[in-house]
Structures are given as C-alpha cells and as structure tokens.
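# Examining the three-dimensional arrangement
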Amino acid sequence: SFERRPLIAGNWKMNLNHLEAISLTQKIAISLTEEQLALVEAAVIPPFTDLRSVQTLIQGDKLNLAYGAQDLSPYDSGAYTGDVSGAMLAKLDCTYVIVGHSERREYHHEDDSVVNAKVRAAFKHGLTPILCVGEGLSVREEAAHVPHCTAQLDAALAKVTAEQVANIVIAYEPVWAIGTGKVATPEDAQEVCGEIRKALAAKYSEEIANGIRVLYGGSVKAKNVAAIMAQPDVDGALVGGASIDADEFATIVRFPE
Ligand code: PEP
C-alpha cells in the first residue's frame, strides 16, 4: 500500500448542524500538522446542510482537509423532492461522495442498480465516489462474504470505464461491524480488501487496481486503526462514530505514528 496515500474519511452520518460542523472541522485542522497531512489524507463527510459552511471554512482558511457528501441523486435535476444532485455537490467543490452505504441500502432500499446509477452520476459530475460494499452477519456466517462483496462491486461498476474507475475509492464495510463496536480482525479486513483488488484487476487491469484505494470501515477507533492499516491491501478507513470526536479522529489520522 506504500504507493497509495492512505485516506481517513469521517462519515458524520446525521450528526451536527452547520455551526457544530465549523467547530469540529476547526478542531480537527488544529490537531493535525502539515507533515501528518502529507502522509495521510483526511476528509470530513458532513450532512448536506453543513457543506456550504465547511467549504467556506476549508477554502477560506486554506485547511488541508478534503470534504464530501454522504449521498447524491442519480439524477442531475428535476422533480425529485428532497434529493441533492451531483451537480450541486460539484458546485460546492466536494471531492468525495459516499455511495451505497449500508444505511442507505437498508433504510432507503437502495439496490445495486441504484448504487450503480449513483456511482455513474458521481463520475459525471467529477466527484470521487467512496463506494461501500459489505456483508451482513448471516452472509458472513455462511462464509459467503467474498462473493457477496465482489458481486456488489461488480454491479456498482456496470458501465464504469477504466478511466473513471482509476479515481474511485472502495470501502469494505461489514455491516455487522458498523456502529456495533465489533471491529473485523485485521485479517478479515485484509481478506476482503485483497479480493476486491483482485476483482478490480480482473475487471480492469492490475495497474488500475494497484492505484485504487480500498478502505476498511466498521468500528475503527484510535486504538485499533494501526493494526488494520498494517494490512497490505487496506489503504485507509471510513470512520463513523469516532469521526465526530475531534481528538479521536485526529488520532486515527495520525496512525503512522
Ligand atoms: C460507517 O458508518 O461508515 C462506519 C464505519 O461507522 P462506525 O465507524 O461507527 O462503525
């Protein structure tokens, strides 16, 4: 993973208003040095309503933090009440957009074809999707987690070109490890992240697969991040609960120390 700059992305989920978002982003920025942020890319992924404030702070103060959104519409504009388009996120200079998070798949019934449409919408608007895949507990107990995740990956990447995919981020997030405190073992994370990279190599090329960052997500904390990051095919973490505590998140970003 030495040729891939690790990414630690904080998925704030439905937490923090725009004033709280400014405060947390400032605290994270103050806690990290330029040297630390040269080694590891750090991104904040707040709710939509916080994005304009986060953009103004990060760009105005030239903070070395990336930011993005938690979801996007597959459509560009129109009669889709409550949705937010990739064009709107691009206008806010978002770098990233999470696509296919298990909470979207579960609570909003997003299936593989919706996830694929959202991935393609992200690329259309110049956003980098952080594509989430991962199995539930029953699939893991049947030892079907690898084919489950590679099937989700394959479906999400339908009609995605090699040129586009070179810029994707994949997050392996076992559903049983999200928000549960049950972190996957480093070996579990490596197994699936490695298989995801193999699937990308088979679908596109070895060179493209070796350039794509594959993250692990699921109860990552300051105390367990280093062991997970030591795995060769794990290139970062998507952090939920621990991302809205500035000290904890900054400590995760400093994992190389
Ligand atoms: C997530 O929601 O992407 C996640 C990994 O959450 P947590 O870190 O809280 O398990």
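Residues numbered from 1 in each chain as written. Predicted model: local features only at pLDDT ≥ 70, side-chain atom pairs only at ≥ 80, totals over all residues.

- Per an unreviewed UniProt entry, the protein is named Triosephosphate isomerase, and its organism is Cryptosporangium phraense.
- Regarding the protein, the UniProt comment filed under Subcellular location (unreviewed entry) reads as follows: "Cytoplasm".
- As stated in UniProt under Sequence similarities (unreviewed entry), the record for the protein gives "Belongs to the triosephosphate isomerase family." (UniProt positions renumbered as here; feature names shortened; annotations may be inferred.)

## Considerations on the overall build of the protein
- Helices and strands together make up the secondary structure of the protein, namely 13 helices and eight strands.
- For 257 residues, the compact-globule estimate of 2.2 N^0.38 gives 18 Å, and the C-alpha radius of gyration of the protein, at 17 Å, lies within 12% of that figure.
- On the principal axes, the C-alpha backbone points of the protein span a range of 50 × 45 × 35 Å.
- Looking at the protein as a whole, 44% of its 257 residues are labelled buried.
- Partitioning the intrachain contacts of the protein with sequence separation of at least 6 by distance along the chain shows that 74% fall at a separation of at least 24. (Helix = DSSP H or I, 4+ residues; strand = E, 2+ residues; numbered from the N terminus. Rg over C-alpha atoms; globule rule 2.2 N^0.38 Å. Buried ≥ 20, exposed ≤ 12 C-beta atoms within 10 Å, placed from the backbone. Contact = placed C-beta atoms within 7 Å.)

## Looking at the nonpolar core
- Formed by 75 residues in total, the largest nonpolar core has its most connected members in Ile 170 and Tyr 172.
- Taken domain by domain, this core gets at least three of its residues from each of domain 1 (1–70) and domain 2 (78–212 + 227–234).
- Not counting residues within four places of it along the chain, the set of residues in contact with Ile 170 comprises Leu 131, Val 133, Leu 153, Ile 196, Ile 212, Val 214 and Leu 215. (Core = buried A, V, L, I, M, F, W, Y, C linked by C-beta atoms within 7 Å. Domains from an automatic or database assignment.)

## Remarks on the confidence of the model for the protein
- Here the protein averages 97 in pLDDT, while 99% of its residues score no lower than 70.
- Both confidence scores are given for the complex: pTM 0.97, ipTM 0.97. (pLDDT = per-residue confidence, 0-100.)

## What to know about the domain arrangement of the protein
- Entries for the protein in the domain assignment read domain 1 (1–70) and domain 2 (78–212 + 227–234).
- Listed as interface residues are 17 residues of domain 1 and, on the opposing side, 17 residues of domain 2.
- Looking at the side of domain 1 that touches domain 2, the elements that each hand over two or more residues are strand E1 (7–11), strand E2 (41–45), helix H3 (51–60) and strand E3 (66–69).
- Here the residues of the side of domain 1 that touches domain 2 are counted per class, giving 10 nonpolar, five polar and two charged. (Nonpolar A, V, L, I, M, F, W, Y, C, P; charged D, E, K, R; others polar.)

## Section: the UniProt feature "binding site: substrate" (unreviewed entry) in the protein
- The sites that UniProt annotates as "binding site: substrate" (unreviewed entry) are Asn 11, Trp 12, Lys 13, Gly 179, Ser 219, Gly 240 and Gly 241. Spanning 231 residues, the annotated positions come together in the fold, the maximum distance between their C-alpha atoms being 13.7 Å.
- Position of Ser 219 relative to the elements: it lies in the loop between strand E7 (213–217) and helix H12 (225–229).

## Some remarks on unusual backbone geometry
- Phi is positive for Lys 13, which is not a glycine, with a value near 55°.
- Along the polypeptide, Lys 13 turns up in the loop between E1 and helix H1 (18–30).
- Of note, the phi angle at Ser 219 is positive, near 55°, even though the residue is not glycine.

## Details of the UniProt feature "active site" (unreviewed entry) in the protein
- Residues annotated by UniProt as "active site" (unreviewed entry) correspond here to His 101 and Glu 173. On the basis of their most widely separated C-alpha atoms, the annotated residues across 73 residues gather in one place, lying no more than 8.4 Å apart.
- Assignment of secondary structure puts His 101 in the loop between strand E4 (96–99) and helix H5 (102–107).
- Once residues within four sequence positions are removed from consideration, His 101 is found in contact with Gln 70 and Cys 132.
- Leaving out residues up to four positions away in the same chain, Glu 173 has contacts with Ser 102, Cys 132, Gly 134, Ile 178, Gly 217, Gly 218 and Leu 238.

## Examining the pairing of strand E6 (residues 169–172)
- Side chains Val 169 and Ala 171 of E6 all project onto a buried face; the interleaved residues Ile 170 and Tyr 172 project onto the opposite face, where all are buried too.
- Both E6 and E7 contribute to a ladder of four bridges, which runs parallel. Its bridge partner lying in E7, Val 169 is registered against Arg 213. (Pairing = 2+ DSSP bridges.)

## Section: the packing of H1 against H3
- Two elements in contact, H1 and H3, have axes separated by 9 Å at closest approach and are oriented at 30°. If you check the angle between H1 and H3, you find them roughly parallel. Helix-helix and strand crossings are classified by hand; for H1 and H3 the assignment is right-handed. Packed against H1, whose contacting residues are His 18, Ala 21, Ile 22, Thr 25 and Gln 26, the element H3 presents Ser 53, Val 54, Leu 57 and Ile 58 at the interface. (Axes fitted to C-alpha atoms, helices over the stretch in contact; angles between N-to-C directions. Parallel < 35°, antiparallel > 145°, perpendicular 65-115°, else oblique. Left-handed = near helix turned anticlockwise from the far one by under 90°.)

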